[in-house]
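Below, each chain spelled out in residue letters.
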Amino acid sequence: MAFRRIRWITVVLLALMLLTCGSTAVAQSGSGFLPVREYEGAVYEARPPADLTTVLLIGYDHRAEGQEEELHGYSRGGQADFLMLLVADHENQVIRTLQFDRDTITGVKVTDFKGRQLEPRNIQICLAHAYGNTREKNNANTIWSVENLMGIAARKDGAQIDWYVAMDISGISRLNDLLGGVTVTIPDDMTAFDPQMKKGATLKLTGAQAEIFCRGRRGIGNQTNASRMERQRMYMDAAGERLTAEIRKDAGFASELLTGMGVIYDAAVDSSNPFARQDAGTPTGEADGRYLMSSETVSGIVNLISRTIGYTRLPTEIIPGRHVLADDGYIHFIPDEGAPLAWSIATFYRIKD
């Protein structure tokens, strides 16, 4: 399979718009540096922190689309309809991307109506973002659920998500407009929402059309989340071309775009205990013009872009598994046994010498 060479900035900024199984054991390394773990008969150690930068991209939505209602102040953070893990491998100068199905069943930390933490529940991973009464807690809880699914939660061995960028999906329209419009070929009939959006038509999307294209599911094609994920990837690729063209004209465009989306800096994220923070934080609810939140500064994001601009991006991956109609009446995505951990081992670890 041929690998497409796509700039890191394409992946990071475009994803903003949308913006464990197996046998393991832990022992101390003789060097006292990093613990090791056993996997399928071999001993692994986490790759040094300097080798990798791992970013979780979160796109969350306050529209339930048939999911259980968010009933109280500690479960109104919106559901994470878009989740993508990006790993910049500085040693090999490649970028791996893993997109998660929002309906993936995994452990999620939940709270009661008073905000008290309860035992984790096996529910759809998108619901992790709903819990917590601030956007900071919503994001930290989502990081924990992704790390838990991937078998790296609380490992303390260097295998972790380094930082996140989260976007309220209501900001898709603004992002599209800041890019000057994005051109795509419509894969499904969307004329019920906009008469111009005919199947097979090539359109330079307006902000409203971009929202339909990336956010819609009900009444479009086969109405599945898998189909919506494909459209999101289509938009990312097309918008990436647009974004690259803008950066070639103006090197400062990346900072302008991030600032134009209204970034809030989260300096104290703690995914190991997401509900413990006592600070007031940023209230959940509509974005109010501040569509982005990140645990990295704008300058930090731009510096990473500059460092990795020539890296090769491998094709986006997904965890293999199956969709089932569960007893609760909703679609559940069940990952193949051992698949998430296998991806983590191949990405974050190496066989110990």
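You'll find the structure just up there.
A.B. asks: Mind laying out the overall build of the protein, listing which residues take part and the relevant values?
C.D. replies: On a plain count of helices and strands, the protein comes out with eight helices and 18 strands. Within the span of the protein, comprising 353 residues, buried residues form 55% of the whole. Element-wise, carbon and sulfur atoms account for 49% of the exposed surface of the protein, whose accessible area totals about 15,100 Å².

A.B. asks: Account for the packing of helix α4 (residues 207-215) against helix α5 (residues 225-249), naming residues and giving values.
C.D. replies: In contact at an axis separation of 7 Å, α4 and α5 are set at 135° when each is read in the N-to-C sense. Overall, the two elements α4 and α5 adopt an arrangement that is oblique. Across from Ala210, Ile212, Phe213, Cys214 and Arg215 in α4, the residues of α5 making contact are Arg228, Arg231, Gln232, Met234 and Tyr235. Partitioned by chemical class, the residues of the contact of α4 with α5 number six nonpolar, one polar and three charged.

A.B. asks: Can you tell me about the layout of surface pockets, naming the residues and giving the values?
C.D. replies: Roughly 300 Å³ of internal volume is contained in the largest pocket. Among the residues making up the lining of the largest pocket, the classes are represented as eight nonpolar, four polar and six charged.

A.B. asks: Quick one: what's the story with the pattern of salt bridges, residue by residue and with numbers?
C.D. replies: Across all of its chains, the model carries 15 salt bridges by this definition. Its salt-bridge partner being Glu317, residue Arg96 comes within 3.0 Å of it at the nearest N-O pair. On the criterion of sequence distance, the pair formed by Arg96 in strand β6 (residues 94-100) and Glu317 in strand β15 (residues 317-318) is long-range, its members being 221 residues apart. For Arg102, the salt bridge is made with Asp103, and the minimal N-O distance between the two is 2.9 Å.

Quick notes on the rules
Residues numbered from 1 in each chain as written. Predicted model: local features only at pLDDT ≥ 70, side-chain atom pairs only at ≥ 80, totals over all residues. Heavy atoms only, no water. Helix = DSSP H or I, 4+ residues; strand = E, 2+ residues; numbered from the N terminus. Buried < 20%, exposed > 50% of the residue type's maximum accessible area, 1.4 Å probe, protein only. Areas by Shrake-Rupley, 256 points an atom, 1.4 Å probe, with all protein chains shown as cover. Axes fitted to C-alpha atoms, helices over the stretch in contact; angles between N-to-C directions. Parallel < 35°, antiparallel > 145°, perpendicular 65-115°, else oblique. Contact = heavy atoms within 4.5 Å. Nonpolar A, V, L, I, M, F, W, Y, C, P; charged D, E, K, R; others polar. 1 Å grid on protein atoms, 1.4 Å probe; cavity = no way out; pocket = protein on both sides within 12 Å on 5 of 7 lines; lining within 4 Å. Points joined across faces, edges and corners; volume = space filled by probe spheres on them. Salt bridge = Lys/Arg side-chain N within 4 Å of Asp/Glu carboxyl O.

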